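Chains, contacts and geometry: an overview
Chain residues, written in single-letter form:
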Number of protein chains: 4
Amino acid sequence: MDSIQKLVDTFRRFPGIGPRQARRFAYFLLTRDDSYNATLSKLIAEVKKDVRKCSDCQRFTSINNSKSTLCDICSDSSRDRTVLTIVGADTDLESIEKSGFYKGYYFVLGGNLPILEPEPEKKIRVKELRSLIEKKAKAGLTEIILALNANTEGEHTADYVAGVIRGLHGSNVKITRLGRGLSTGTELEYVDGDTLKNALRHRE
Amino acid sequence: MDSIQKLVDTFRRFPGIGPRQARRFAYFLLTRDDSYNATLSKLIAEVKKDVRKCSDCQRFTSINNSKSTLCDICSDSSRDRTVLTIVGADTDLESIEKSGFYKGYYFVLGGNLPILEPEPEKKIRVKELRSLIEKKAKAGLTEIILALNANTEGEHTADYVAGVIRGLHGSNVKITRLGRGLSTGTELEYVDGDTLKNALRHRE
Amino acid sequence: MDSIQKLVDTFRRFPGIGPRQARRFAYFLLTRDDSYNATLSKLIAEVKKDVRKCSDCQRFTSINNSKSTLCDICSDSSRDRTVLTIVGADTDLESIEKSGFYKGYYFVLGGNLPILEPEPEKKIRVKELRSLIEKKAKAGLTEIILALNANTEGEHTADYVAGVIRGLHGSNVKITRLGRGLSTGTELEYVDGDTLKNALRHRE
Amino acid sequence: MDSIQKLVDTFRRFPGIGPRQARRFAYFLLTRDDSYNATLSKLIAEVKKDVRKCSDCQRFTSINNSKSTLCDICSDSSRDRTVLTIVGADTDLESIEKSGFYKGYYFVLGGNLPILEPEPEKKIRVKELRSLIEKKAKAGLTEIILALNANTEGEHTADYVAGVIRGLHGSNVKITRLGRGLSTGTELEYVDGDTLKNALRHRE
């Protein structure tokens, strides 16, 4: 098989990329100047060396010559240590951080649990979560926010994680979940009954 | 102009209907049997005679041989008289009623207020709202829920209506709004920052 | 059942209209002035009386006080009598007429034939087609254009109609079909192989 | 700036890729095993070395240890040497080749001409086109097919290229364009007037 086709086949495994777009990527690279391709090639070869998981929140973080095993959020001692937010993926953490409202710490599960997952501990970081909660509990943690998707899989994951937390020896932190209601832009005429109930329950 | 074209032009004024669909409606009627067209014609001719506005909530309601000027909800004395929900349109009332969670009474504004509306009282039913609140206040009303769209126009309408209510002599009912947060099905990766803030604020 | 609901249920049978839009139509009529509803009601009641099928092409046409049983196209003797175009629906005839290129006569089948239709003569106007072709053949007809949809059903209909025409006693008119190729706006990157073959075959 | 962000920024320049998808690509690579990333990195670094432009049709082609400067199509002497098809992009050539109908040779312009392009020879391969036509003309070429997009830019490009070809000394090859008409799946009700005219003109 030729180089173009190999490149197409490799791009096809990218998330959300079909055969036509994979092909466009390959031709795109063929028409770049050499420095663009060299840069991209180097970044891909090295990204896992330059990046490690934060030893607290487990998100991917660049090493940046620092000796700390913590990311910039986990090493920021000015944040609110009474609250820890558990998210599914690195991008969820980034969304919350960008909204600018939350000032506590995070933990990234690394996935969501499908309903019938037989081995949850292989899908999400249960062991690391237990350690972090024990560490944070000693440092004043009083609330854990389960910030998971508002769909069946997200709810199943939240139920499972809540069970893990309650099972921790002597755990008496409060466990909360993100509030349900009308998301910005919603018109009542098009809203589902479940969301409407939550919006009424959470009226303020 | 011929009859088909006149019918097409009349259907074009229906909400959301373009020229192509208006034409399909006309040809659809040309191929119906006479009884379908006769029934539809009669229903259209008589719908406003058979229907009036409920003298309390102002929604459209069939008369049904009853002498009451109230709709079936407003005449149901078993509902919760401490709470009144204000909506923009009849269909919003139906959405809330169908969700099955709410047991109080309603009021239909008959529209939303555009931001720069110079004559709000011509756009929404302010006078009828004042009368109803005064009547309900004597009957034990303690809370008014503004159930308006979660967009700029809906918020503007809610602000205006809240002002009207506070201006009522001796009004001390609590005014609330529908809760904001994640609507059912939302994934964190795609949510806007505003909704995320509300979901964190309303965590439970 | 009340009048609003009856109206909603009747609108739901309109082509392409779901429950939500049917409801919006009903509320739309409730807020019209009486004259709009009266006009629409009258148009619907009378449309089938004011309209008949043209005795030649079978399309719906307004009567307009004329004694002729022909529509304005079929009664226009200045058109090209050597060519007859067969379409599925009245709207197809209108599309071709609006494109301004064609100057011959038409025939409307009144539908398309599903692949396994057991009784084709009940689905499309076979008898009327035979009569018209015999009449036009005497008047100089030399070509019949089958202007049917470029999909499976349209092709099946074209095959069936071509068989009917060839079966006519002494018929020696030429039968043609609409040309296949790139439709306006097509980009080669997104085109299907079948269309590409036709575009190559019809290169000019 | 950290490695993840650099990778995100580089992926953002890929065709059709926004910030969110660029980020998903970066996290995708962080979770691959080392061999996937190493393979992709190597393919990107080397793709331009393993690939050159065919000296006849100018499309990208893998070198494959062969000493020939021609791609597999241009070096296939069993193809029809009377016809040459000019396309805008490599992917257009692939689409035509996959449709299986065409057996002649190709030339890839490397782009399309915007309407007001001041320097056409910098946008498309005019010089290489002239050489190839002169070479093919001596070998029996009788027809050039301009297989360009059926939109304004494609038509402008076709006009320009036709002018170039006619300007060649002693050129008397026939110049054709892809046929216009109904593309597969088209329903007459939704077709534009221009396509309808072409479909009538190309009836067969």
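Description of the structure in this document. (Residues numbered from 1 in each chain as written. Chains lettered and ligands numbered in written order. Predicted model: local features only at pLDDT ≥ 70, side-chain atom pairs only at ≥ 80, totals over all residues. Heavy atoms only, no water.)

Regarding the overall build of chain A
Here is the rule we go by: For helices the rule is a DSSP run of H or I covering at least 4 residues; for strands it is a run of E covering at least 2, with both sets numbered from the N terminus onward. Note that the radius of gyration is over C-alpha atoms, with the globule rule given as 2.2 Å times the number of residues to the power 0.38. Exposure classes here rest on a 1.4 Å probe applied to the protein chains alone. A residue is buried below 20% of its type maximum, exposed above 50%, and partly exposed in between. By the convention used here, residues are in contact when the closest approach between their heavy atoms is within 4.5 Å. Surface accessibility follows the Shrake-Rupley procedure with a 1.4 Å probe radius. Residue values consider only the protein chains on display as shielding.
Check the secondary structure of chain A and you find eight helices and six strands. Secondary structure of chain A in N-to-C order comes out as α-α-α-β-β-β-α-β-α-α-β-α-β-α. Taken over C-alpha atoms, the radius of gyration comes to 21 Å for chain A, far larger than the 17 Å a tight globule of 204 residues would show. Here the C-alpha coordinates of chain A stretch approximately 60 × 55 × 35 Å along the principal axes. Looking at chain A residue by residue over its 204 residues, the buried ones come to 51%. Within chain A, residue pairs in contact and separated by at least 24 positions form 44% of the contacts whose partners lie at least 6 positions apart. Taken as a whole, chain A presents about 9,600 Å² of accessible surface, with 47% of it coming from carbon and sulfur.

Brief notes about the environment of Ser68(A)
What counts here: A 3.5 Å cut-off defines polar contacts: any pair of N or O atoms within that distance qualifies, except that in protein one atom must be a possible hydrogen donor and the other a possible acceptor, and neighbouring residues in sequence count only when both atoms are side-chain atoms.
Secondary-structure assignment places Ser68(A) in the loop between β2 (60–62) and β3 (83–87). At 2.8 Å, the side chain of Ser68(A) forms a polar contact with the backbone nitrogen of Leu70(A).

Regarding the relation of the copies chain A and chain C
Put simply, the rule is: To superpose the copies, least squares is applied to the C-alpha atoms of every residue with a pLDDT of at least 70 in both.
You can overlay chain A on chain C at an RMSD of 0.0 Å; the transform is a turn of 180° with a shift of 0.0 Å along its axis. Interpreted geometrically, this transformation is the action of a two-fold axis. Residue Gly16(A), judged by its C-alpha, is the member of chain A lying nearest the rotation axis, at 16 Å. An overlap of 100% is found between the interface residues of chain A and their copies at the interface of chain C, pointing to a shared contact surface.

Observations regarding the sheet that holds strand β5 (residues 143–147) of chain C
Residues and elements named next belong to chain C. Operational definition: Only strands that DSSP links by at least two bridges are regarded as paired with each other. Under this scheme, a helix contributes an axis fitted over its contacting stretch, all axes are lines through C-alpha atoms, and angles between N-to-C directions fall in the 0 to 180 degree range.
With parallel pairing, the four strands of this open sheet are ordered in space as β4-β3-β5-β6. Two strands bound the open sheet, and with one partner strand each, they are β4 (105–108) and β6 (174–177). Neighbouring strand axes in the sheet, compared pairwise and without regard to direction, differ in orientation by 25° on average. Here four bridges tie β5 to β6, and the two strands are oriented parallel to one another. The partner of Leu146 across the bridge, within β6, is Arg177.

Digging into the packing of helix α1 (residues 3–11) of chain D against helix α2 (residues 19–30) of chain D
Each pair of packed helices gets described by two things: the angle between the helix axes and the distance between those axes. Residue and element names in this part refer to chain D. Definition in use: Oblique is the label for any angle not covered by the other classes, which are roughly parallel (under 35 degrees), roughly antiparallel (over 145) and roughly perpendicular (65 to 115). The handedness criterion is simple: a crossing whose near helix is rotated anticlockwise from the far helix by less than a right angle is left-handed, and one whose near helix is rotated clockwise is right-handed. Charged residues are taken to be Asp, Glu, Lys and Arg, nonpolar residues to be Ala, Val, Leu, Ile, Met, Phe, Trp, Tyr, Cys and Pro, and polar residues to be all remaining types, Gly included.
α2 packs onto α1 with a crossing angle of 130° between their chain directions and a minimal axis gap of 8 Å. In terms of their interaxial angle, α1 and α2 are classed as oblique. Crossing geometry of α1 relative to α2 is assigned as right-handed. Of the residues in α2, those touching α1 at Ile4, Gln5, Leu7, Val8 and Phe11 are Pro19, Ala22, Arg23, Phe25, Ala26, Leu29 and Leu30. In terms of residue class, the contact of α1 with α2 is built from 10 nonpolar, one polar and one charged.

Some words on the packing of aromatic side chains
The condition is simple: Aromatic pairing here means that ring centres of Phe, Tyr or Trp (its six-membered ring) are within 6.5 Å. Orientation follows from the plane angle: under 30 degrees is stacked, over 60 is edge-to-face, and everything else is tilted.
Here the structure, examined in full by the defined rule, presents 34 aromatic pairs over all chains. Considering the side-chain rings of Phe28(A) and Tyr36(A), the 5.7 Å spacing of their centres and the 90° angle between planes classify their relative orientation as edge-to-face. The class of Phe28(A) is buried, set by a relative accessible area of 11%. Under the relative-accessibility criterion, Tyr36(A) is labelled buried at 6%. Taken together, Phe11(A), Phe14(A), Phe25(A), Phe28(A), Tyr36(A), Phe11(D), Phe14(D), Phe25(D), Phe28(D) and Tyr36(D) form an aromatic cluster joined through their ring pairs.

Concerning the pairing of β4(C)
Walk down a regular strand and you will see the side chains alternate between the two sheet faces. This is how the line gets drawn: Orient the strands so they point away from the viewer; a crossover is then right-handed if the path from the first strand over the helix to the second runs clockwise.
Neither face of β4(C) is exposed, since Tyr105(C) and Phe107(C) on one face and Tyr106(C) and Val108(C) on the opposite face are all buried. Remark: the strand β3 (residues 83–87) of chain C/helix α4 (residues 90–99) of chain C/β4(C) crossover connection has right-handed handedness.

Considering helix α1 (residues 3–11) of chain C
Here is the rule: Note: the arc covers the axis-to-C-beta directions of the helix.
For α1(C), the complete set of buried residues consists of Ser3(C), Ile4(C), Leu7(C), Val8(C), Thr10(C) and Phe11(C). Along the axis of α1(C), the buried residues cluster in a sector spanning 165°; they form a single face. Buried-residue contacts for α1(C) involve α3 (34–50), β1 (51–53) and β2 (60–62) of chain B together with α2 (19–30) of chain C. Structurally, the start of α1(C) carries an N-cap: the backbone nitrogen of Ile4(C) is 3.2 Å from a side-chain oxygen of Asp2(C).

Thoughts on the interface of chain D and chain C
In many reports, interface size means the accessible area that the parts give up when they come together. Quick note on the threshold: Buried area is a sum: the accessible area each of two parts loses on coming together, probed at 1.4 Å, counted once for each and added. Whenever a carboxyl oxygen of Asp or Glu lies within 4 Å of a side-chain nitrogen of Lys or Arg, that contact is scored as a salt bridge.
Of the residues lining the interface, 41 residues belong to chain D; the matching set on chain C comes to 41 residues. Taken together, both faces of the contact between chain D and chain C bury some 4,000 Å²; the carbon and sulfur share is 58%. Of all residues in chain D, Leu188(D), Leu200(D) and Glu204(D) bury the most surface against chain C, accounting for 17% of the area lost on that side. Across the pair Arg201(C) and Glu204(D) runs a salt bridge, and its minimum N-O distance is 3.1 Å. Between the two partners, chain D and chain C, sit 29 residue pairs in polar contact (both at pLDDT 80 or more). Secondary-structure elements contributing two or more residues to the side of chain D that touches chain C are α4 (90–99), β5 (143–147), β6 (174–177) and α8 (193–201) of chain D. The element contributing the most residues to the side of chain D that touches chain C is α8(D), with eight residues. In terms of residue class, the side of chain D that touches chain C is made up of 14 nonpolar, 15 polar and 12 charged.

Thoughts on the pattern of salt bridges
Residues and elements named next belong to chain C. Per the stated rule, a full pass over the model turns up 50 salt bridges over all chains. Two residues, Asp159 and Arg177, come together in a salt bridge whose shortest N-O distance is 2.8 Å. Separated by 18 residues along the polypeptide, Asp159 in helix α7 (residues 152–166) and Arg177 in strand β6 bring together distant segments of the chain. For Asp159, a relative accessible area of 44% gives the class partly exposed.

Remarks on the pairing of strand β5 (residues 143–147) of chain A
All names here are of chain A. Of all five residues that make up β5, five are buried, and the element is covered over most of its length. Here β5 shows two buried faces, one formed by Glu143, Ile145 and Ala147 and the other by Ile144 and Leu146. Here five bridges tie β3 to β5, and the two strands are oriented parallel to one another. Bridge assignment links Val83 to a residue of β5, and that residue is Glu143.

Examining the environment of Leu40(D)
Residue placement: Leu40(D) occurs in helix α3 (residues 34–50). Note: C-alpha distance between Leu40(D) and Leu29(D) (11 residues apart in sequence) is 9.8 Å. Look past the residues within four positions of Leu40(D) in its chain and what remains in contact with it is Leu7(A), Thr10(A), Phe11(A), Phe14(A), Ile44(A) and Leu29(D).

As for the relation of the copies chain D and chain C
The operation relating chain D to chain C is a screw motion whose rotation component is 180°, with 0.0 Å of axial translation and a residual RMSD of 0.1 Å. When you check the interface residues of chain D against chain C, 100% turn up at the interface there too, and the contact is symmetric in its surfaces.

Focus on the interface of chain A and chain C
Tallying the contact residues gives four residues for chain A and four residues for chain C. Together chain A and chain C conceal approximately 460 Å² of surface at their shared face, both sides included; 38% is due to carbon and sulfur atoms. When residues of chain A are sorted by the area they lose upon contact with chain C, Arg20(A), Glu189(A) and Tyr190(A) head the list and together hold 83% of the total. Where chain A meets chain C, there are zero salt bridges. There are two residue pairs in polar contact (both at pLDDT 80 or more) connecting chain A and chain C.

Details of the sheet that holds strand β6 (residues 174–177) of chain A
Residues and elements named next belong to chain A. The four strands are arranged β4-β3-β5-β6 in an open sheet whose pairing can be described as parallel. The open sheet has two edge strands, β4 (105–108) and β6, and neither has a second partner. Neighbour-to-neighbour, the strand axes of the sheet open up by a mean angle of 25°, direction not taken into account.

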